[in-house]
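Remarks on the overall topology
If you want the building blocks of each chain, they are given just below.
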Amino acid sequence: MTMKLSMTAISGADLLKTAAAQFIAKPHKLFIGGEWRDAVSGETFDVEDPATGMVIAKVPAASVQDVDLAVIAARKALEGPWSKMTGLERGKLISRFASKLEELADELAEIEAIDCGKPVAYAKYVDVGLSANTYHYMAGWASKVSGETVSVSTPGEFHAYTLREPVGVVAQIVPWNFPLVLTAYKLAPSLAAGCTCIIKPAEQTPLSTLRLAEIIEAVGFPPGVVNVLTGYGATAGAALAEHPGVDKIAFTGSTEVGKMVARSATHSLKRVTLELGGKSPMVVFKDADLERAIPALASAIFFHQGQVCTAGSRLIVHRSIHDQVVEGIAAEASKLVIGHGLEPGTTMGPLISSRQIDRVMAYLDQGVAGGASVVCGGGRLGNAGYFMEPTILTGTKAGMAVVDQEIFGPVLCAMSFDDDELDTVAAEANNSPFGLSASIWTRDLSTAHKMAKRIKAGSVWINMHHFFDPALPFGGFKQSGWGREQGADAIRTFTEVKSVCAAL
């Protein structure tokens, strides 16, 4: 199967509409304490369009000094006007912010598309849509954060109750694959709980977060409640993780970096939630509805070029239908329109960077050297940008790096099983250090729910893959992280519980 790149000769910036183009072209600054300022050092770094490799903006490179200023601003807001607002008042602000995102959906989607390399239609309906829904949902929680009365066991007359209070200043470190969505997962419950926040977007994709800061300012959040620091993980990110004035770190990224964040946080014993890597299995039983399953399985691995922590990267399919399923997914891959995210009709964009595509290609080379066969794809596309063909490997097995490690690219490893014993199939699905998500494909609901119980993953989907909702807790087992985002669990992770008891 030969794939080709569908792109015009013009640059990505030429495809932007006026509002997004004007925002990207303007000088960018840090947002600290309600003010826009340059980094203390005056240093900046380049932001690339991954579809062309061209520099589209420069943003400040925050340092330890900038982190100090942001922490001071966040602490001042926490102890000042923000703490005086009722939950209902906070909720109204959050809801107003969510409505503004919906109003600016086209502009935000274009910024996300050129910054991350994703198709603009996906950015609008998935990234902006899910983000806005998350803020709307969490706005309702802001007026419902409360403790409870407790009946104590000790003899006597007592009045005992608990208070649920904001954890404090929260540093939020966000990755490059879904900046808007994964900021919402952290920022929305933080604000609902009454925390103040410092957001550090990935250095590859800082633009939409800076636009969010402008909206935060326009909507009327008190200064210092939300601060945005653009910078490198090794400097600004590390300084936030180590800072004694930060009460909690909410991090999404690789398992390797997540472990570093956790170690840094131990110096002050700050609270930590980690949403880390995955190597999600898709278990397909022989009775699955393949007409429905095959397009969904293809989307599970090739959506956003496989740069998704929950990507269905391990296909575990019954041997009797293995070839049919693999051929079907390859046929779906051939339908993808690969090009710039801002080009009409594009359904698959580039990988995020030169470093990332080199990393993915190195995994492929290891897989082939280890005996895997390439069914389709396996190559780079074009002379500009970081495009790669959607790829399927067969003959893969546990122990290969392509199977055991998170690749974060459009690479599917296909394996088969013969034994219908559920414990055996589940053991294969669980044969990974990760446990973020999984999907089960069968017409037998008894099999589906029995398997869901056996699989060790934070999210298990039945006859679908990639379902996210603000009400559903999201997070991982094993090395896929600590804690949960979304749902009521998210509110709990951004609060502390205080017990109060009075002798009567």
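Rules behind the numbers
- Residues numbered from 1 in each chain as written.
- Predicted model: local features only at pLDDT ≥ 70, side-chain atom pairs only at ≥ 80, totals over all residues.
- Heavy atoms only, no water.
- UniProt positions renumbered as here; feature names shortened; annotations may be inferred.
- Helix = DSSP H or I, 4+ residues; strand = E, 2+ residues; numbered from the N terminus.
- Buried < 20%, exposed > 50% of the residue type's maximum accessible area, 1.4 Å probe, protein only.
- Contact = heavy atoms within 4.5 Å.
- Salt bridge = Lys/Arg side-chain N within 4 Å of Asp/Glu carboxyl O.
- Pairing = 2+ DSSP bridges.
- Axes fitted to C-alpha atoms, helices over the stretch in contact; angles between N-to-C directions.

1. Some details on the UniProt feature "active site" (unreviewed entry) in the chain
With numbering matched to this structure, UniProt assigns "active site" (unreviewed entry) to E275. Position of E275 relative to the elements: it lies in strand β11 (residues 271-275). For E275, a relative accessible area of 2% gives the class buried. For E275, the residues in contact, after removing those within four places along its chain, are L182, F251, T252, G253, C309, L436, F474, S480 and E485.

2. Brief notes about the pattern of salt bridges
If you walk through the whole model with that rule in mind, you get 21 salt bridges. Residue R211 pairs with E214 through a salt bridge whose shortest N-O separation is 2.9 Å. Of this pair, R211 and E214 both sit in helix α8 (residues 207-219), separated by three residues, roughly a single helical turn. Judged by relative accessible area, R211 falls into the buried class, the value being 13%. K286 serves as the salt-bridge partner of D420, at 3.3 Å between the closest nitrogen and oxygen. Taken together, the positions of D420 in the loop between β18 (411-417) and α15 (422-429) and K286 in the loop between β12 (281-284) and α11 (290-302) put the pair 134 residues apart, joining distant regions of the chain.

3. Overview of the sheet that holds β18
Taken in spatial order, the seven strands make up an open sheet running β14-β17-β18-β13-β12-β20-β21, and their pairing is mixed. Pairing within the sheet leaves two strands with one partner each, and these edge strands are β14 (373-376) and β21 (459-462). Taken pair by pair, the neighbouring strands of this sheet meet at an average axis angle of 25°, ignoring direction. Of the strand pairs in this sheet, β12 and strand β20 (residues 437-441) are connected by three bridges, and their pairing is parallel. Within β20, the position partnered with M282 by the bridge is S439. Sheet strands in contact with α11 are β12, β13 (314-318), β17 (391-394), β18 and β20, and its direction is about 170° off that of β12.

4. A closer look at unusual backbone geometry
A positive phi angle, near 60°, is found at Q305, a position not held by glycine. The class of Q305 is buried, set by a relative accessible area of 0%. The phi angle at H466 is positive, at roughly 70°, despite the residue not being glycine. For H466, a relative accessible area of 18% translates into the label buried.

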